[in-house]
Amino acid sequence: MADSVKIVDGRNSFCPGPLMELIKGIRQEPVGTVFEVWSSDAGSAKDIPEWVRRAGHELISNTQDGDVFKIQVKKLK
Amino acid sequence: MVILGGGVGGTIVANQVARQMSDDLKKGTLGVTVITDSEQHVYQPMFLYLAFDQVVPSEAKKPERGLLHRYVKMVVGAADHVDQDQKTVVMTDGTSVPYDYLVIATGSRPAPEQVAGLPEGGHLFYTEEGALRLRQALHDFEGGRVVITVGVPHKCPVAPLEFTLMLKAWLEAKGLGQKTEIVYTYPIGRIHSLEPVAQWAAPVFDDQKIESHIFFNPEQVDPEHKTITSLEGETLDYDLLVAVPPHTGQDVIGRSKLGDAGQWVPTDRASLRMKGSDDIFVLGDATDLPISKAGSTAHFEADVVAANLVSLLNGGLGSVRYDGKVFCFIETGLTKATYITFDYLNPPKPSEPTEMIHMFKMAYNRLYWLTPAGLL
């Protein structure tokens, strides 16, 4: 994993939850930042790509590592 | 021991440690100091009721000194930064407060300025000033389209639902129900971050004819044309705009270089120690933890921090762990409420709203002062 990837550890986060944590990160970090969201909620593998598409960012990968869903997103604007 | 912040979490830690270590405090072998920027302790949930003219500002405030144990020292002033090398809190007046253990309980602040045009075009109920301005706007309101928008991150995650449902009931009671359209927006793909709460609230919104727009993150407000545009590209018209604004960590965290880009302090989710530090604990809104920013979170975290500090001061290892517990009342109108409780492993299960829970919430609003005192 590249050093510049920012981990958003949303495991066991019911509220605000992994997507809201990603939105927080995207709001506060510069364009070009790559985030990797860790989530224990299967819904994240669907919700996060949907928001990324609507918000105009780039979905880099969407994988499952054991019980953890790992979704990489690049901030584009 | 120094506690930076005189909100609910910081005050609980001070009082619980002082009560359990009062002999040491009396002998002078232990000192507990709370640094706060205000002589007044504010119970912020009252601002929701203030906006609807159900309480007045004085009901949300009491002197912090009166809530603190008599052996706890209180310093009123602004902290400039924390010097980790010198183990001191440096105040803006140049004085320093040394510590062996530091508790960061600085909370968060609403940052409506992060959404262009929002301070001029919208209302909020997260400050006394904002709630009073909204109270006047609601008093003068004669009907129209009310848009409720939600920034990220924000504290009190049930507040968007509570305000919306209370507004609906308040408008009906005022005879403006038929003249008003309520539009609720939310940043993610359902109407609340907690899935069980979203599932409960969706049919309630349908029944009450509250329109909802999901995946709506406020980006820009045009106060002149009364529109709000999301970063997802959707634009809505409004007559009255009410925001749960985005929040940020406090500037003292940024000046101390202890936080991330949002001035949230990296914190271990179980030990509540600042990451990379053995002598600094963090609680409440100030942490970067992926849990609700709420008074109850600060309360339950404060119980853990106080227990660990008492353990460490008595030669223990300070190994009590926080399990992620959160508790929230949810007002569902003007006469009923429900509640949720959850932790890192167990999701909430909202129950059917009742008058009894609403009355309990009303009673707790008066009993609150026992919480910072460390008694409830």
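Residues numbered from 1 in each chain as written. Chains lettered and ligands numbered in written order. Predicted model: local features only at pLDDT ≥ 70, side-chain atom pairs only at ≥ 80, totals over all residues. Heavy atoms only, no water.

### A short note on the environment of Thr33(B)
Just so we agree on the cut-off: A helix here means a DSSP run of H or I that spans at least four residues, while a strand means a run of E at least two residues long, and both kinds are numbered starting from the N terminus.
Within the secondary structure, Thr33(B) is located in strand S2 (residues 33-36). Expressed as a C-alpha distance, the spacing of Thr33(B) and Val97(B), which sit 64 residues apart in the sequence, is 8.6 Å.

### Side note on the domain arrangement of chain B
One frequent convention defines the size of an interface as the accessible area lost when the parts assemble. Residue and element names in this part refer to chain B. Put simply, the rule is: Residue ranges for the domains trace back to a domain assignment, done automatically or taken from a database. What makes two residues a contact is simply this: any of their non-hydrogen atoms within 4.5 Å. Note on terms: buried area is the combined drop in 1.4 Å-probe accessible area of two parts once they are placed together, counting the loss on both. In what follows, salt bridge is the name for a side-chain nitrogen of Lys or Arg lying within 4 Å of a carboxyl oxygen of Asp or Glu. For the purposes of these results, a polar contact is taken to be a pair of N or O atoms within 3.5 Å, where, inside protein, one atom must be able to donate a hydrogen and its partner to accept one; residues adjacent in sequence count only when each atom of the pair is a side-chain atom. Note on residue categories: nonpolar means Ala, Val, Leu, Ile, Met, Phe, Trp, Tyr, Cys or Pro, charged means Asp, Glu, Lys or Arg, and polar means any other residue, Gly included.
Partitioning chain B into structural domains gives domain 1 (2-107 + 250-324) and domain 2 (112-246). Computed from C-alpha atoms alone, the centre-to-centre distance between domain 1 and domain 2 is 31 Å. Contact with domain 1, which involves 15 residues of that partner, is made by 19 residues of domain 2. Counting the surface lost from both domain 1 and domain 2, the interface buries some 1,500 Å², and carbon and sulfur atoms represent 69% of this. Put simply, domain 1 and domain 2 have two salt bridges between them. Between Arg135 and Asp53 there is a salt bridge, with its nearest N and O atoms 3.7 Å apart. Where domain 1 meets domain 2, there are three residue pairs in polar contact (both at pLDDT 80 or more). For the side of domain 1 that touches domain 2, the leading source of residues is helix H3 (residues 46-51), giving five residues. Here the residues of the side of domain 1 that touches domain 2 are counted per class, giving eight nonpolar, three polar and four charged.

### A few points about the sheet that holds strand S7 (residues 88-91) of chain B
Residues and elements named next belong to chain B. This is how the line gets drawn: Pairs of strands are assigned from DSSP output, requiring at least two bridges between the strands. Angles run from 0 to 180 degrees between N-to-C directions of axes, and those axes are lines fitted to C-alpha atoms, restricted for helices to the stretch in contact.
Ordered in space as S6-S7-S8, the three strands form an open sheet in which the pairing is antiparallel. Of all strands in the sheet, those with a lone pairing partner are strand S6 (79-83) and strand S8 (96-98), marking the two edges. Strand-to-strand twist across the sheet, computed as the mean angle between neighbouring axes with direction ignored, equals 20 degrees. Strand direction decides the pairing type here: S6 and S7, joined by four bridges, are antiparallel. Pairing of Val82 across the sheet is with Val89, part of S7.

### Overview of the state of the cysteines
Residues and elements named next belong to chain B. Basically, it comes down to this: Throughout, a disulfide means two cysteine sulfur atoms within 2.5 Å of one another. Relative accessibility thresholds used throughout: buried, under 20% of the residue-type maximum; exposed, over 50%; partly exposed, between the two (1.4 Å probe, protein chains only).
For the structure on display, the rule yields zero disulfides over all chains. For Cys328, which is in no disulfide, the shortest distance to another cysteine sulfur is to Cys156 and amounts to 6.2 Å. Judged by relative accessible area, Cys328 falls into the buried class, the value being 6%.

### As for helix H7 (residues 159-173) of chain B
Counting along an α-helix, one turn takes 3.6 residues, and residues three or four places apart therefore face a common direction. Residue and element names in this part refer to chain B. Note the cut-off: Here the expected span of a helix is defined as 1.5 Å times the quantity of residues minus one.
End to end, H7 covers 21 Å across 15 residues, agreeing with the expected 21 Å (1.5 Å per residue, within 8%). With 12 of 15 residues buried, H7 lies mostly within the body of the structure. Among all positions of H7, only Ala159, Pro160, Leu161, Glu162, Phe163, Thr164, Leu165, Met166, Leu167, Lys168, Trp170 and Leu171 are buried. Within two residues after H7, Gly175 carries a phi angle of roughly 80 degrees, on the positive side.

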